[in-house]
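Tertiary structure, described
The primary structure of each chain is shown beneath.
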Amino acid sequence: MTDKAQATEDGQAQGDGAESLTVTDNRTGESYEMEITDGTVRAMDFREIKVNDDDFGLMTHDPGLSNTSHCRSSICYIGGEEGVLEYRGISIEQLCEHSNYLEVAYLLMYGHLPTQDEYNDWVYQVTHHTYVHENVKDFMDGFRHDADPMGMLLASVGALSTFYPEAKDLSDDFQQHVSAVRLIAKMPTLAAFAYRHSLGLPYVYPDNQLSYTGNFLSMLFKMTEPRYEPDPRLERALDVLFILHADHEQNCSTAAVRTVGSALPDPFTSIAAGVAGLYGPLHGGANIAVVKMLQRIESTDNVQDFLDGVKEGNERLMGFGHRVYKNYDPRARIIQEHIEEVLEATGKQNPLLNIAQELEKRAMDDEYFTSRKLYPNVDFYSGVIYEALNIPQDMFTVMFAIPRTSGWMAQWMEWMNDEELRIVRPRQIYTGPRDADYVPMNERNGGAS
Ligand code: CMC
């Protein structure tokens, strides 16, 4: 809390003019000086601006929190104007080229690249926490045969909290760590169980001899063969996708994790909030919406008509636009680089790819999109690559949730150890009636006053 918002005696600003903001309240003529720190002013400083002593003070109004920083974080940097993404300062391009998802998860969580010993230990721990309690299978079985896998994932992540009551001790560093290991390890297992349930197939237990992504492919696709042998090209492509989806600073689901986390429930419950946020079509659900959109467009011949519909406001170009990126999303570029190799490995062609490329080309030539800085985001091509990997559409958002778990846990741990942590409790502008009287039922007149 700062005490820098002070009315000057003569109504004139007294600041040194360097890192401060002077605000004049035209209702009173008073001027206030506020400290600027890291390009921000504290919203609470506005509370000092009052017309009289009884006044509550000014609030800031920011629906969707478009211009409000709600934490300090050293995990993920997005340069929205340049189209840059870094985890702990390392570019996503370097990580995709040289690292792997589990190493990136460690980096996000602990702030540095692991030494060989740290890495071996970390991989061992994650690999040996992939099993879920047998009861999890029972409640998976309780879902309808056609239940949406994302709904199943949401429920089962929340349910994990009941298996680990010790995780409620948020002051215990070991509990924080082991909860992160458990969540990262079990997420693919829960996801694969949800998928197998929707097909009526038996669940496949984790294979600890395989890599993180290889084991996931095994749990999805293994049939009667004694051991599933993942295609290393697909294993690697999936690993790159997982790196790309691991974190993205204060997006809707991460903000949900921090918001719910601020009330101090166990981490499984907070991460379930993240899964819930991701579910929506404007966030993680966009990858499904993109493929549905491409299927509806049907052919490259219909692309222009579709874009005209977007410009008339009848459609939304799913997979385009971003709150922070005002340039090409670097994740979309990297995904594109891997599409061809996945198609080559699977020997498949995906006609939706041509439609997507034509959409991108035309949109990038169109003033409507360029003037609004609408570029492809991560979801524009991810569905196309998931299709090539034989992942069914309703699993796409689940595919996003698996790797985002490491980002959510890193953000949750950072928040739990942040001296600025306090319960998230926003304000509102109340627009309803006051001092209304209770009217007995027989005297009510519907909505009429
Ligand atoms: N198609 C057409 N117009 C758009 C789009 C779009 N996809 N996105 C934004 N606009 C327009 C919007 O209508 C507005 O125009 P105007 O100034 O004339 O009113 C302008 O661009 C600014 O848009 P906004 O709605 O204020 O932007 P926002 O920051 O509130 O929304 C967004 C960001 C991602 C929700 C939005 O761009 C969108 O709905 N995109 C499609 C869904 C999508 O692809 N989501 C995935 C996001 S990336 C991964 C993730 O977060 O999971």
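You'll find the structure just up there.
Residues numbered from 1 in each chain as written. Predicted model: local features only at pLDDT ≥ 70, side-chain atom pairs only at ≥ 80, totals over all residues. Heavy atoms only, no water.

Considerations on the nonpolar core
Tyr87, Leu153, Phe216, Met293, Leu317 and Leu359 are the most contacted members of the largest nonpolar core, which has 118 residues in total. For this core, the element with the highest residue contribution is helix α17 (residues 396–416), accounting for 13 residues. Apart from residues no more than four positions distant in its own chain, Leu317 is found in contact with Met293, Phe306, Leu307, Val310, Leu359, Ala363 and Phe369. The next biggest cluster of nonpolar side chains, apart from the first, holds five residues, and it includes Tyr32, Met34, Phe46 and Ile49. (Core = buried A, V, L, I, M, F, W, Y, C linked by side-chain atoms within 4.5 Å. Buried < 20%, exposed > 50% of the residue type's maximum accessible area, 1.4 Å probe, protein only. Helix = DSSP H or I, 4+ residues; strand = E, 2+ residues; numbered from the N terminus. Contact = heavy atoms within 4.5 Å.)

Focus on helix α11 (residues 286–297)
Because an α-helix completes one turn every 3.6 residues, residues spaced three or four positions apart along the sequence face the same direction. With 12 residues, α11 extends 16 Å between its outermost C-alpha atoms, agreeing within 8% with the 16 Å of an ideal straight helix rising 1.5 Å per residue. Taken across its 12 residues, α11 has nine buried, putting it largely inside the fold. Every buried residue of α11 is listed here: Ala286, Asn287, Ile288, Ala289, Val290, Val291, Met293, Leu294 and Ile297. Note on α11: the residue one or two positions beyond its end, Glu298, has a positive phi of about 75 degrees. (Expected span 1.5 Å × (residues − 1).)

Observations regarding the environment of Glu93
Position of Glu93 relative to the elements: it lies in helix α1 (residues 92–98). Here the alpha-carbon distance between Glu93 and Arg333, two residues 240 residues apart in the chain, equals 9.8 Å. Filtering out sequence-adjacent residues up to four positions away, Glu93 remains in contact with Pro330 and Ile334.

Comments concerning the pattern of salt bridges
Opposite charge on two side chains allows them to pair when their charged atoms are near. One pass over the structure, following the stated rule, counts 18 salt bridges. When the shortest N-O distance is used, the salt bridge between Asp38 and Arg72 registers 2.6 Å. Pair noted here: Asp38 is in the loop between β3 (30–35) and β4 (76–79) and Arg72 is in the loop between β3 and β4, with a separation of 34 residues, a long-range link. On the basis of relative accessibility, which here comes to 43%, the residue Arg72 falls in the partly exposed class. (Salt bridge = Lys/Arg side-chain N within 4 Å of Asp/Glu carboxyl O.)

Observations regarding the packing of aromatic side chains
If you walk through the whole model with that rule in mind, you get 16 aromatic pairs. Residues Tyr101 and Tyr212 carry aromatic rings whose centres are separated by 5.2 Å and whose planes lie at 35 degrees to one another, so their mutual orientation is tilted. Note that Tyr101 is positioned in helix α2 (residues 101–110) and Tyr212 in helix α7 (residues 212–221), a separation of 111 residues in sequence. Given a relative accessible area of 11%, Tyr212 falls into the buried group. For the ring pair Tyr195 and Phe221, a centre distance of 6.1 Å and an interplane angle of 85 degrees mean the geometry is edge-to-face. (Phe/Tyr/Trp six-rings, centres within 6.5 Å; stacked < 30°, edge-to-face > 60°.)

Brief notes about the pairing of strand β2 (residues 20–25)
If a strand is regular, its side chains alternate between the two faces of the sheet. As paired strands, β2 and β3 are joined by six bridges and run antiparallel to one another. Bridged to Val23 within β3 is Tyr32. The hairpin turn running from β2 into β3, its antiparallel successor, is four residues long, and Gly29 in that turn takes a positive phi close to 80 degrees. (Pairing = 2+ DSSP bridges.)

Re the site of the ligand
Surveying the vicinity of the ligand reveals 20 residues, the closest of which are His283, Arg316, Leu317, Gly319 and Arg323. For the ligand, an oxygen atom lies 3.5 Å from a polar atom in the backbone of Gly284. Note that an oxygen atom of the ligand is positioned 2.8 Å from one of the backbone N or O atoms of Gly319. Notes on the ligand: free accessible area 930 Å², of which the protein chains cover 71%. When the residues that make up the shell around the ligand are grouped by side-chain class, the tally is 10 nonpolar, six polar and four charged. (Near = heavy atom within 4 Å. Polar contact = N/O pair within 3.5 Å; in protein donor to acceptor, adjacent residues only side chain to side chain. Areas by Shrake-Rupley, 256 points an atom, 1.4 Å probe, with all protein chains shown as cover. Nonpolar A, V, L, I, M, F, W, Y, C, P; charged D, E, K, R; others polar.)

A look at the sheet that holds strand β5 (residues 84–87)
Strand order across the open sheet formed by three strands is β4-β5-β6, with antiparallel pairing between neighbours. Only two strands of the sheet have a single partner each, and these edge strands are β4 and β6 (90–91). Inspection of the sheet shows β5 paired to β6 by two bridges, in the antiparallel sense. The residue of β6 that forms the bridge with Tyr87 is Ile90.

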